[in-house]
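Listed here are the chains, written in short residue letters.
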Amino acid sequence: MIKACIFDLDGVIVFTDRYHYLGWKKLADEEGWKFDESLNHQLRGVSRMQSLQIILDHNSLDVSDDQKAEFADRKNRYYQELLDDISNDDLYPGAVEFVQRVRDRGIATALGSSSKNADRVLTALSIKDLFDAVVTGHDLTRTKPDPQIFQLCNEGLGNLPVTECVVFEDAESGIAAALAAGMHAVGVGDADQLPNADQVIKEYSEINLDQLLANGRVR
Ligand code: BG6
Ligand code: MG
């Protein structure tokens, strides 16, 4: 029986993955770098500095640490400007209702996000109370695909057996982190972009909750 559902934030609960993309895109356009949706997919779930490094490597650029800090700060400023206008329209359809249904069945819920802006998003949308434990980029020393984030979520829930935890993720790095933690990994998004997920959903309405709670399979 499943005892906990753990959710990523950006691209799983709220479409802030789009705003991360737009923040990097604005920086890349200003600097004349190559940057597209396919490179952006590699940045999902990855910390800000590591995302920047992936973009710099893609453009064969070697820059000083000070310059890296300036680039990362600038992207974060653009991202936070977009967050200023965030509203319920940015929520992934059915996500909040699904988390609530899980809770109504007595199942623990946690949020595990690599983002240092996660609290800001949860507060702006008044959804922090949906989660029994919240782990963000501020709590991490290792980024996804390292399992640390989901292990910390589980610690916050009282250390349940990992095979009784299901992780919902839109990032390849997040699916890898969940599997490395020994948990079930449900992809959220396009199945062809998440080949290693146990199963993939596009809409929360696809999930058979009884089935999920019985054996971790969404259908
Ligand atoms: C993850 C996003 O949730 O957080 C990544 O998928 C992002 O795209 C990462 O880079 C770090 O976010 P932040 O807000 O700390 O720059
Ligand atoms: Mg994500």
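How would you sum up the packing of aromatic side chains? Please name residues and give values.
A ring pair, where both rings are aromatic, is described by two values, the distance of the centres and the angle of the planes. One pass over the structure, following the stated rule, counts 10 aromatic pairs. Summarising the aromatic geometry, the rings of Phe7 and Phe168 are spaced 4.9 Å apart at their centres and angled 10° between planes, so their arrangement reads as stacked. Taken together, the residues span a long stretch of sequence, with Phe7 in strand β1 (residues 4-7) and Phe168 in strand β4 (residues 165-169) at a distance of 161 residues. One exposure class covers both Phe7 and Phe168, and it is buried. Ring geometry for Phe15 versus Tyr92: centroids 4.8 Å apart, planes at 35°, classification tilted. Remark: Tyr92 occurs in the loop between α4 (65-83) and α5 (95-104) and Phe15 occurs in the loop between β1 and α1 (16-31); sequence separation between them is 77 residues. Here the aromatic residues Phe7, Phe15, Tyr92, Phe98, Phe131, Phe168 and Tyr204 are joined through ring pairs into a cluster of three or more.

Give a description of the side chain of Lys144 that names residues and reports values.
Its location among the elements puts Lys144 in the loop between β3 (133-135) and α7 (148-156). Within the local environment of Lys144, its side chain forms a polar contact with the side chain of Asp8, the two groups lying 3.1 Å apart. A polar side-chain atom of Lys144 sits 2.6 Å from a polar atom in the side chain of Glu169. The contacts of Lys144, once residues within four sequence positions are left out, are Asp8, Gly45, Gly112, Ser114, Ile149, Phe150, Glu169, Ser173, Gly174 and Ala177.

About the cut-offs
- Residues numbered from 1 in each chain as written.
- Chains lettered and ligands numbered in written order.
- Predicted model: local features only at pLDDT ≥ 70, side-chain atom pairs only at ≥ 80, totals over all residues.
- Heavy atoms only, no water.
- Phe/Tyr/Trp six-rings, centres within 6.5 Å; stacked < 30°, edge-to-face > 60°.
- Helix = DSSP H or I, 4+ residues; strand = E, 2+ residues; numbered from the N terminus.
- Buried < 20%, exposed > 50% of the residue type's maximum accessible area, 1.4 Å probe, protein only.
- Polar contact = N/O pair within 3.5 Å; in protein donor to acceptor, adjacent residues only side chain to side chain.
- Contact = heavy atoms within 4.5 Å.

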